[in-house]
Amino acid sequence: MVIPLLYLLLRIMQLSLDDLLVLVSNRAFQTLTRSLILMICVTTLSSIIAIPLAWITARTHLPFRKIWIILVMLPLVIPSYVGAYLFLSVFGPTGLFQKGLEVLFEIQRLPDIRGLFGATIVLSLLSYPYLFITLRGAISGLDISMEESSRILGHNRFWTFIKVTLPQLRFPFVSGALLISLYTLSDFGAVSIFNYNTFSWTIYQQYNSLVDRSMSALFSIIFVLLAFLIVLIEFKTRGFQKYYRIGSGISRKPKPISLGFWKFPVYLFLSVVIGFSLILPISMLFVWLFKGMYFGDSIVFSWSPIFNSIFVSVSSALLIVFFSFAASIILVRYSLTGNRFFESISYLGFVLPGVVVAISVVYFAANYIGILYQTTVVLILAYVILFFPVALGAIRSVLLQINPRLEDAAHGMSHNYFSVLFRINIPLMKPGLIMGFAMVFLLVMKELPVTLILGPLGFKTLATEVWSFSSEAFFASAAVPALIIILICSLPMLVIIIWDKRIGD
């Protein structure tokens, strides 16, 4: 986890005093301000989308619940640069929507959505599943008896949700919001397409210039400091409350709530969110594909990128879930002095642009483990650095809801440490482990810059195929791997959700 930080420090040591003055320039301050504004807007809008979605799919009698959950989670697999380009091609000043309005109402041009507005909408629609997954897993594990006590004391469902349910969801909410905030800060695809200059865009421009990469390291250090500040705020917001039940009695799961009159508003809300975040991008990909076939474009297809993508995604997800499970046990069950520091370090890779992490791993591998250079081992190492906090947030939020007295009782019955892990911890943490694996699998499937830089010679994935064809304007060929990414990522989620008995029908 400290590899990127050490690399950045080595680069900064090459800077002169005059170069350091860039940190206090107006341009740096404006770029920082824009980055923070975008982060706040995306996190807020994602929360507005994810909180009701998590509660609806976890606590109400929603018909076809499993299908809705799959559709709500799928936008996570769409790369931000693909989503931004598709969104702009539809709602841009001269996009498909404008052309339709021109035919009907003779509207010649729509307002330009480039800038903060477009970047906020696209990033929110593609990143809200981070928060949805952590919140839904936590809501499914809540004990209904506390809410029933609130109802007995005279509170209606709304105030029970505000005063009883939401406080128990504070850590899952903060964990998901933290991931969205860091994801927004590190994103390059959407902000570049919408011409909204943030630190991530500045860093990419510096690295691509090949003139002075030390300056990009300087901006990356600002990124690191900002990430530590955000994580510190997350620690303060999280607090030290217990999220498990300590009273006597048996924990019971809630019965689904009938939607009644709210059925139609709920369907409308689900349809709007899924329509803009999933159906619209997929429809545009099919438009690319059929348009290319109509004009006689050759469609390139190969099995090797599919195999490579599945191999690195499954390997990375298993490894990261294992590390995250171990780290969650240490962070939650043991009050060690350095826990907060090590947890903060773990978020470092997720906040930095992928190219920074990739180049730092290249430097480390070339200089210290040359035998592994240009191998998939180094590539998977970079994935671990990037996506470890994603699984950690999902797994830790579930562990916080498990009463440690259950483990103490098992130890008192002469069960050893590993017996308690396999009989108590793993079964009860299964929702977090499943969701952690699913999220990492999805993210690795669509990861681009790290794969381009660290992949072995001739190593191609579906994400690199999308980027390669799109950059050469072969949109029909680019649509094929993009659609395969969505299909592959939907299959494991379908199996997991059908297998999960807590979800219901």
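Draft legend 1. The pattern of salt bridges, seen in detail. Applying the stated rule across the entire model yields one salt bridge. Put simply, Arg114 and Asp112 hold a salt bridge, and the shortest N to O gap is 3.3 Å. Residue classification places Asp112 among the partly exposed residues on the basis of a relative accessible area of 44%.

Draft legend 2. Quick look at the packing of aromatic side chains. Per the stated rule, a full pass over the model turns up twelve aromatic pairs. For the ring pair Phe437 and Phe441, a centre distance of 6.2 Å and an interplane angle of 20 degrees mean the geometry is stacked. Remark: Phe441 and Phe437 occur in helix α22 (residues 430–446); sequence separation between them is four residues, near one turn of the helix. Taking relative accessible area as the criterion, Phe441 reaches 6% and is therefore assigned buried. Through pairs of rings, three or more aromatic residues link up here, namely Phe87, Phe91 and Phe276.

Draft legend 3. A look at a nonpolar patch on the surface. On the surface, a nonpolar cluster with roughly 640 Å² of combined accessible area is contributed by Ile330, Tyr334, Leu336, Tyr417, Phe418 and Phe422. With three residues, helix α21 (residues 417–428) is the single largest residue contributor to the nonpolar patch. Structurally, Tyr417 is set in helix α21. Among the residues examined, Tyr417 registers a relative accessible area of 37% and is labelled partly exposed.

Draft legend 4. How the structure looks around the environment of Ser309. Considering the arrangement of structural elements, one finds Ser309 in helix α15 (residues 304–333). Residue classification places Ser309 among the buried residues on the basis of a relative accessible area of 2%. Sequence separation between Ser309 and Ile488 is 179 residues; the distance between their C-alpha atoms is 9.7 Å. One polar contact links the side chain of Ser309 to the main-chain amide nitrogen of Leu462, over a distance of 2.9 Å.

Draft legend 5. Quick peek at the side chain of Thr43. For Thr43, the position within the fold is in helix α3 (residues 26–59). For Thr43, a relative accessible area of 13% puts it in the buried group. Within polar-contact distance, the side chain of Thr43 engages the backbone oxygen of Met39 at 2.8 Å. Reaching out from Thr43, the side chain makes a polar contact with the side chain of Ser181 at a distance of 3.0 Å. Those residues in contact with Thr43, other than ones at most four positions away along the chain, are Ala177, Ile180 and Ser181.

Criteria and cut-off values
Residues numbered from 1 in each chain as written. Predicted model: local features only at pLDDT ≥ 70, side-chain atom pairs only at ≥ 80, totals over all residues. Heavy atoms only, no water. Salt bridge = Lys/Arg side-chain N within 4 Å of Asp/Glu carboxyl O. Buried < 20%, exposed > 50% of the residue type's maximum accessible area, 1.4 Å probe, protein only. Phe/Tyr/Trp six-rings, centres within 6.5 Å; stacked < 30°, edge-to-face > 60°. Helix = DSSP H or I, 4+ residues; strand = E, 2+ residues; numbered from the N terminus. Patch = residues over 30% accessible without salt bridge, like charges linked within 9 Å, V, L, I, M, F, W, Y side chains within 5 Å. Areas by Shrake-Rupley, 256 points an atom, 1.4 Å probe, with all protein chains shown as cover. Polar contact = N/O pair within 3.5 Å; in protein donor to acceptor, adjacent residues only side chain to side chain. Contact = heavy atoms within 4.5 Å.

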